[in-house]
Amino acid sequence: ADASLVDYRPPITVVVGHVDVGKTLLLDKIRGTFVAYREPGMITQHIGLSFIPWGAVEKIADPLLAKFKLKGRVWIRGFLMVDTPGHAAFSNLRRRGGSVADLAVLVIDITRGFEEQTYESLTLIRSRNIPFVVAANKLDRIYGWEPNENAPFLESYDKQREDVQGRVEEAIARIIEEFNKLGMDADRYDRVRDFNAQVPIVPTSAVTGEGLADLLVVLAGLSQRFNREKLRVTYGPGKGVVMEIREEKGWGVTGDVVLYDGVIRKGDVVVTAGLEGPVSTRVKMLVLPKPLNEMRDPEDRYMFMDEVRAAVGVKIIADGLDQVVPGAPIFVVPQGASLDEYMKLVKEEVSEVRIETDKEGVVAKADTLGTLEAMVIYLRSQGIPVRKADVGNVSRRDVVEASIVKKKNPLYGVILAFNVKVPHDIEIEAMQYGVRIFRNEILYRLVEEFTQWYKEQKT
Ligand code: GDP
Ligand code: MG
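Here, residues in each chain are numbered from 1, in the same order as that chain's written sequence. A letter from A marks each chain and a number from 1 marks each ligand, given out in the order of writing. Residue-level local features of this predicted model are given only where pLDDT is at least 70; pairs of side-chain atoms are given and counted only at 80 or more, and the full residue set underlies all totals for whole chains, interfaces and linings. Excluding hydrogens and water, the side-chain values take into account all heavy atoms of the structure.

Caption draft 1: Focus on the pairing of strand 15 (residues 269–274). Throughout this description, buried means an accessible area under 20% of the type-specific maximum (1.4 Å probe, protein chains only), exposed means over 50%, and partly exposed covers the range between. Think of it this way: any DSSP run of H or I at least four residues long counts as a helix, any run of E at least two long counts as a strand, and we number them from the N terminus. For strand 15, the buried fraction is high: five of the six residues fall into the buried class. Judged from the six bridges that link them, strand 15 and strand 16 (residues 277–282) form a sheet pairing that is antiparallel. In the sheet register, alanine 273 faces strand 16, and the bridge partner there is proline 278. Here, strands pair whenever DSSP counts at least two bridges between them. Between strand 15 and the antiparallel strand that follows it, strand 16, lie two residues. Bridge count between strand 15 and strand 21 (residues 329–333): three bridges; the pairing is antiparallel. By the bridge assignment, valine 269 is partnered in strand 21 with valine 333.

As C-alpha cells, then:
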C-alpha cells in the first residue's frame, strides 16, 4: 500500500473496572448481539480487541440515534473494544504523553457500587485524560427487574414497575454520590446536559443485553467530540505498544502488541525496550486468533498473517522478547532507516518513565512500564517527590538508594512497591537500614498508606 495514504482508525475503547463486574461478559454479549446484525466479514476479534462496525450499531440503536440527534452524523467507522483483565494491561496501553486508548468504559456492578479497583481504574483514566462512560452493569439483578432482551435501557426501564424503577434510581444515585465525593459530576446518561462536565452513566446487563445500544450511542456521542486528527492512521511503518509478554506453548516468549498506527509485516525489523536497554529483533510470525465462528477445532485457533495494519491487536513471535518490558513502545524500522536512531527513540521514551535523580524523594517500584508510569503520575499529583522509579522486584540497590535519602530526609527514605515482590533477604536488609517498604496492589491505597505514615511521623 501507499505509505502516504491516510485513514481514520475506529476509536480504541478500553473496558475497565473491578474484577467480576462483567467486563468480559459485556464484550461477549456485544459481540454476540452484533454478530446477529453482522456486516460481511466485519466482526473479528484480535488479541483482546474486537471490532464493532458502525453499521451494526446503527441497526440496533436506530431509535436512540434519532433521539440523541446523532442519526447520520457519526463519522467513526465503529469501535475497537479492548478487554483489560487487570489494571496492568490497561496501564500498559501507554504512549508518550498519553494513552493508546481513545475512550474508556468504566464498568461498575450496579448492585455493589464503587469498589477498590473502580477507584484505581478511575485514577488511571483521569491521569491519562481519556473520555469515558460508566456502564452500571448487572441491571437484571435489581430486585423485581423484568428483562426485555437486547432492548435499549430507556425502553425497558419504562416498562418496569414503579418500585423497581425506584431501586434503579437509588442505585444510580449512590454511584453519582461517589463521583461527587471525588469532585466529579455524574448523571444518568439521558439526563446529562454537558458531556464535557458530567460523567454519563448507562445501566446495562451483560446477561439480557439491555442497555448495550445506549452504551454504544453514548460512546458514539463522546467520539463525535474528538478532533478527527486524533484518530488518523497512516500506512507507514508500524507504531505500537507491548501490552503483555507471554510464554506460549510451542512458540516461546511472545508479545501481544496493540498497533495504533501504520503497518507491521512478517520479516520486519522492530525496536522495543527491555530493562537493560533497547531490543531490536526481526518478526518471525504475526498471529491473530480466528473469530469464534471460523474455528473448526481447538487446534485451529490462529491465523498467520503476512501483514496487519492499525488499529489492531496482534501477537508477535520473535527472538529476544523475553527481555522486553510490558508497556514499552514498539516501532517498525523502515528499510534504509538508521537502526541507531530508532534505538535512541525507544530509549528516550523509556527513560521518561524510569527516573534516576539525586533528588530527595521516594523509591518507586512497579511490575511494568505502564504501572510505573501510572505510579509516577499519581505520586506527582500528590506532591510526593521521586528519586528513583524503576520496573522490577525490590533490590538491594533500592534499599541503598532509600537509605541515602533517609540520612538527609528520613520521611522520604522509603520504598513504595506496587505489584512487585520483596525477596526475604532484601526485606531483612531494609529492616537493618531502617528503610520502610510500603506494599499494596492498589495504587491509591499504597500512596495513601505512605502519606498517612508521613503525616504521623511529622507530628
Ligand atoms: P470481569 O471480571 O469484569 O471480566 O467479569 P466477568 O465478565 O467475568 O463476569 C463475572 C461474573 O458476573 C460472571 O459469573 C458473569 O456471568 C456475571 N455477570 C456479568 N455480567 C452480568 C450481568 O449483567 N448480570 C448478571 N446477572 N450477571 C453478570
Ligand atoms: Mg474479565
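Caption draft 2: Local environment of the sheet that holds strand 18 (residues 302–305). Spatially, eight strands are ordered 16-15-21-12-13-20-17-18 in an open sheet, and the strand pairing comes out antiparallel. Every interior strand has two partners, whereas the edge strands, strand 16 and strand 18, have only one. This sheet shows a mean twist of 35° between the axes of neighbouring strands, independent of strand direction. Any pair of residues with heavy atoms lying within 4.5 Å of one another is described as a contacting pair. Each axis is a line fitted through C-alpha atoms, and for a helix only the stretch in contact is used; angles between axes span 0 to 180 degrees, taken between their N-to-C directions. In the packing of helix 8 (residues 339–351) onto the sheet, contacts are made with strand 15, strand 16 and strand 21, and the angle to strand 21 comes to roughly 170°.

Caption draft 3: Molecular detail of the pattern of salt bridges. Whenever Lys or Arg places a side-chain nitrogen within 4 Å of a carboxyl oxygen from Asp or Glu, that contact is recorded as a salt bridge. Under the counting rule described, the total for this entry stands at 35 salt bridges. Where arginine 128 meets glutamate 373, a salt bridge forms, and the shortest distance between an N and an O atom there is 3.1 Å. Linking arginine 128 in the loop between helix 4 (116–127) and strand 8 (132–137) with glutamate 373 in helix 9 (residues 369–381), this pair joins segments that are 245 residues apart in sequence. We note that arginine 128, like glutamate 373, is buried. A single salt-bridge network, built from bridges that share partners, covers Arg94, Arg128, Glu349 and Glu373.

Caption draft 4: Quick peek at the site of ligand 1. Near ligand 1 lie 15 residues; those nearest to it are Asp20, Lys23, Leu25, Asp140 and Ala206. The term polar contact refers here to a pair of N or O atoms within 3.5 Å; inside protein, the definition further demands a hydrogen-donor-capable atom paired with an acceptor-capable atom, and it admits residues adjacent in sequence only when both atoms are side-chain atoms. Between ligand 1 and lysine 23, the relevant distance is 2.8 Å, taken from an oxygen atom to a side-chain nitrogen or oxygen of the residue. With respect to ligand 1, the backbone of alanine 206 contributes an N or O atom lying 2.8 Å from an oxygen atom. If you tally residues by element for the shell around ligand 1, the top one is helix 1 (residues 23–35), at three residues. In this count, Pro and Cys sit with the nonpolar residues alongside Ala, Val, Leu, Ile, Met, Phe, Trp and Tyr, while Asp, Glu, Lys and Arg are called charged and the others, Gly among them, polar. Among the residues forming the shell around ligand 1, the class breakdown is five nonpolar, five polar and five charged. Throughout, the term near means that a residue has one or more heavy atoms lying within 4 Å of the molecule or strand in question.

Caption draft 5: Summary view of the sheet that holds strand 26 (residues 436–440). Here five strands make up an open sheet; going across it, the order is 22-24-23-25-26 and the pairing mixed. The open sheet terminates on both sides in strands that have one partner only, identified here as strand 22 (355–356) and strand 26. Bridge count for strand 23 (residues 362–366) against strand 24 (residues 386–391) is five bridges, and the pairing is parallel. By the bridge assignment for strand 24, alanine 366 is matched with valine 391. Taken strand by strand, helix 9 contacts strand 22, strand 23, strand 24 and strand 25 (414–418), and its axis lies near 150° from that of strand 23. Sitting on the sheet, helix 12 (residues 443–458) touches strand 23, strand 25 and strand 26, and the angle it makes with strand 26 is about 150°.

Caption draft 6: Structural context of the side chain of serine 156. Note on placement: serine 156 falls in helix 5 (residues 153–158). Relative accessible area serves as the criterion here: at 0%, serine 156 is assigned to the buried category. With sequence-adjacent residues up to four places away left out, serine 156 is seen in contact with Trp145, Glu146, Asn148, Ala151 and Glu210.

Caption draft 7: Fine view of the packing of aromatic side chains. Centre distance within 6.5 Å is the pairing criterion for rings of Phe, Tyr and Trp, where only the six-membered ring of Trp is used; planes under 30 degrees apart are then read as stacked, over 60 as edge-to-face, and the remainder as tilted. Applying the stated criterion across every chain yields a total of 15 aromatic pairs. Between tyrosine 8 and tryptophan 75, the ring centres sit 6.4 Å apart and the planes meet at 75°, which makes this aromatic pair edge-to-face. Taken together, the residues tyrosine 8 in strand 1 (residues 6–8) and tryptophan 75 in the loop between helix 2 (54–67) and strand 4 (78–83) connect sequence positions 67 residues apart. Tyrosine 8 sits in the partly exposed class, given a relative accessible area of 23%. According to the relative accessible area criterion, tryptophan 75 is partly exposed, its value standing at 24%.

Caption draft 8: Local environment of the packing of helix 9 against helix 12. Across the interface, helix 9 lies against helix 12 with an axial gap of 11 Å and an inter-helix angle of 40°. On the basis of the axis angle, helix 9 is oblique to helix 12. Considering only the axes of helix 9 and helix 12, their crossing is right-handed. For the pair helix 9 and helix 12, the contacting residues are Ala374, Met375, Tyr378 and Leu379 in the first and Leu443, Tyr444, Leu446 and Val447 in the second. Roughly parallel here means an angle under 35 degrees, roughly antiparallel means over 145, roughly perpendicular means 65 to 115, and every remaining angle is called oblique. It is the rotation of the near helix from the far one that decides the hand of a crossing: anticlockwise by less than a right angle makes it left-handed, clockwise makes it right-handed.

Caption draft 9: Quick peek at a nonpolar patch on the surface. Nonpolar side chains (Val, Leu, Ile, Met, Phe, Trp, Tyr) are joined into patches within 5 Å and like charges within 9 Å, using only residues with over 30% relative accessible area and no salt bridge. Accessible areas in this description were obtained via Shrake-Rupley with a 1.4 Å probe; residue shielding takes into account the shown protein chains only. Taken together, the side chains of Val400, Ile404 and Tyr433 define a hydrophobic patch exposed on the protein surface, amounting to about 230 Å² of accessible area. With respect to the helices and strands, valine 400 occurs in helix 10 (residues 396–408).

Caption draft 10: Layout of empty space enclosed by the protein. Only protein atoms enter the calculation, which uses a 1 Å grid: trapped sets of points that fit a 1.4 Å probe without letting it out are cavities, open sets showing protein on both sides within 12 Å along at least five of seven lines are pockets, and any residue with an atom within 4 Å of a point is a lining residue. Grid points are joined across faces, edges and corners, and a volume is the space filled by probe spheres set on the points. As enumerated under the stated definition, the model contains three cavities of 30 Å³ or more in all. Quantified by volume, the largest cavity comes out at close to 40 Å³. If you trace the largest cavity, you find it lined by His87, Ser91, Glu120, Thr123, Leu124, Thr371, Ala374, Phe418 and Leu443. For the lining of the largest cavity, the elements supplying multiple residues, two or more each, are helix 3 (87–91), helix 4 and helix 9. Element by element, the count of residues in the lining of the largest cavity is highest for helix 4, at three residues. A class-by-class count of the residues in the lining of the largest cavity yields four nonpolar, four polar and one charged.

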